[in-house]
There are 2 protein chains.
Amino acid sequence: MNEPQTRDAELTRGRILEAALDLFVDKGFADVSMREIAERCGVTKSLIHHHFGSKDALWEAVKEHAFAMYALDQKTELEQATNADAKLLRDGVVKYFEYLRDNPKVVRLLAWSHLEGDESCGEMDAELVRLGSERVRQTQEAGIFRNDVNPTHVVCTFVHVCTHWFEARSHHAQWPGIGSDDEFRDDFLKIFMRGLARTDSD
Amino acid sequence: MNEPQTRDAELTRGRILEAALDLFVDKGFADVSMREIAERCGVTKSLIHHHFGSKDALWEAVKEHAFAMYALDQKTELEQATNADAKLLRDGVVKYFEYLRDNPKVVRLLAWSHLEGDESCGEMDAELVRLGSERVRQTQEAGIFRNDVNPTHVVCTFVHVCTHWFEARSHHAQWPGIGSDDEFRDDFLKIFMRGLARTDSD
DNA sequence: GCCCTTATTGACCGGTCGGCCAGTTAATTG
DNA sequence: CAATTAACTGGCCGACCGGTCAATAAGGGC
């Protein structure tokens, strides 16, 4: 509070975004007040209005910022992939699973956005899914994966499993016989990879 | 509004619960006001307090009521199952998928509860998961399913896929190449059932 | 018919909400 | 070194929040 107060608009915007992200992720948009955000990052409520205009605009800015980083991370991950084979998909699932595990804020932000019916983040994912399902299609054409399933649905399946595993973590933590993150991921991969493999009957 | 106003406490409680459910499902707990609920079901705000005590208590009552019906539906579905084989699990997945499709309010209510960190509904599901994974274990012992995966994780997998498919529906509606509910369900089942099947190498 | 319980109402409370605005103060520029 | 710009503050506004309370009225038991 009593720091030299160097005036840096970009830094201040960043601090506001960070505080807002933490609170929105934790409690959702409606349950967070501008006063809380202001207090958390040591700034006046008026200043947030000065930089972002309104609470809604701040919410949009928070989501845009977080999802842009998410999309960037995922896209670089996808693009450095080389040949399309089973190992590629397996590694992709592991990477995605670990990304969500290490970025719980993204998971929750996506969940809040889903409930709000926000469609903008869906557009962002569309490009990633397109890239991913294209890899699956190539692996199908190479005769490694069965080709009687929609490649987009293949991507959907593991995305849903990974996402909801972390979304509902507190929910199923007490389920009897449930294992750790890694144990579940490995069991899912066993089922998923064998389920995708091509057999003689295909 | 100007109806004869027959005084029926139980009916009034029911109407309040229904209006509150609709609004909470739509906008979440924090973004719904007691005034809105009162207006929607044509009673005074004070009357809601009279019957339920507080907004928090109403929220708990809404969840308790909705989840009790959900648990009842699922349990009767599970208990009428007979012999444990692959078809039983397949039918179980189809039933669960269709249940969520036909009860979108339950899906959203569960999602809000997850984000709030509500643990009470997890306890409810624990019993259902225990029943389901027991069936899977039996099918493993019968030599039909592979036995190198945790039965609870098998149940988790399809629950996550079904739940998140409907939770994120608005999100992935615009994904390229995505199919209908039924098409996705069938593709998932292809992968899931083959992934679980026992092979010679097991 | 009377009485007691309780479902139901409307007015009201202190508090918090998002947003606004008139100032103040620190950097930039010419 | 002024002058301009923009970051930043504090106080205020009307609206709305959840909750309370005294008054009213309908119904059921005697």
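We now turn to the structure provided with this report. Keep in mind that what you see is a predicted model, and the values were worked out from it rather than measured. (Residues numbered from 1 in each chain as written. Chains lettered and ligands numbered in written order. Predicted model: local features only at pLDDT ≥ 70, side-chain atom pairs only at ≥ 80, totals over all residues. Heavy atoms only, no water.)

Here we take up the pattern of salt bridges. All names here are of chain B. The full count for this structure, using the stated rule, is 40 salt bridges over all chains. With its nearest N and O atoms 3.8 Å apart, the salt bridge here joins Arg40 to Asp22. Separated by 18 residues along the polypeptide, Arg40 in helix α2 (residues 34–41) and Asp22 in helix α1 (residues 9–27) bring together distant segments of the chain. Of the residues examined, Asp22 reaches a relative accessible area of 19% and is grouped as buried. Between Asp118 and Lys63 there is a salt bridge, with the nearest N and O atoms lying 2.5 Å from each other. (Salt bridge = Lys/Arg side-chain N within 4 Å of Asp/Glu carboxyl O. Helix = DSSP H or I, 4+ residues; strand = E, 2+ residues; numbered from the N terminus. Buried < 20%, exposed > 50% of the residue type's maximum accessible area, 1.4 Å probe, protein only.)

In the vicinity of DNA strand C, 19 residues are found, and the nearest of them are Lys45 and Lys55 of chain A together with Thr44, Ser46 and His50 of chain B. At a separation of 3.3 Å, a phosphate oxygen of DNA strand C approaches a polar backbone atom of Val32 of chain A. Between DNA strand C and the protein, one listed contact pairs a base nitrogen with a side-chain N or O atom of Arg35 of chain A at 2.9 Å. At four residues, the largest contribution of residues to the surface near DNA strand C is made by helix α3 (residues 45–52) of chain B. (Near = heavy atom within 4 Å. Polar contact = N/O pair within 3.5 Å; in protein donor to acceptor, adjacent residues only side chain to side chain.)

With that out of the way, let us pick up helix α4 (residues 55–79) of chain A. Residues and elements named next belong to chain A. Taking 1.5 Å of rise per residue, the 25 residues of α4 would be expected to cover 36 Å, and the 36 Å separating its terminal C-alpha atoms lies within 8% of that figure. For α4, the complete set of buried residues consists of Lys55, Leu58, Trp59, Val62, Lys63, Ala66, Phe67, Tyr70, Ala71 and Gln74. If you follow the buried residues of α4, they end up packed against α1 (9–27), α2 (34–40), α3 (45–52), α5 (86–102), α6 (104–116) and α7 (120–141). (Expected span 1.5 Å × (residues − 1). Contact = heavy atoms within 4.5 Å.)

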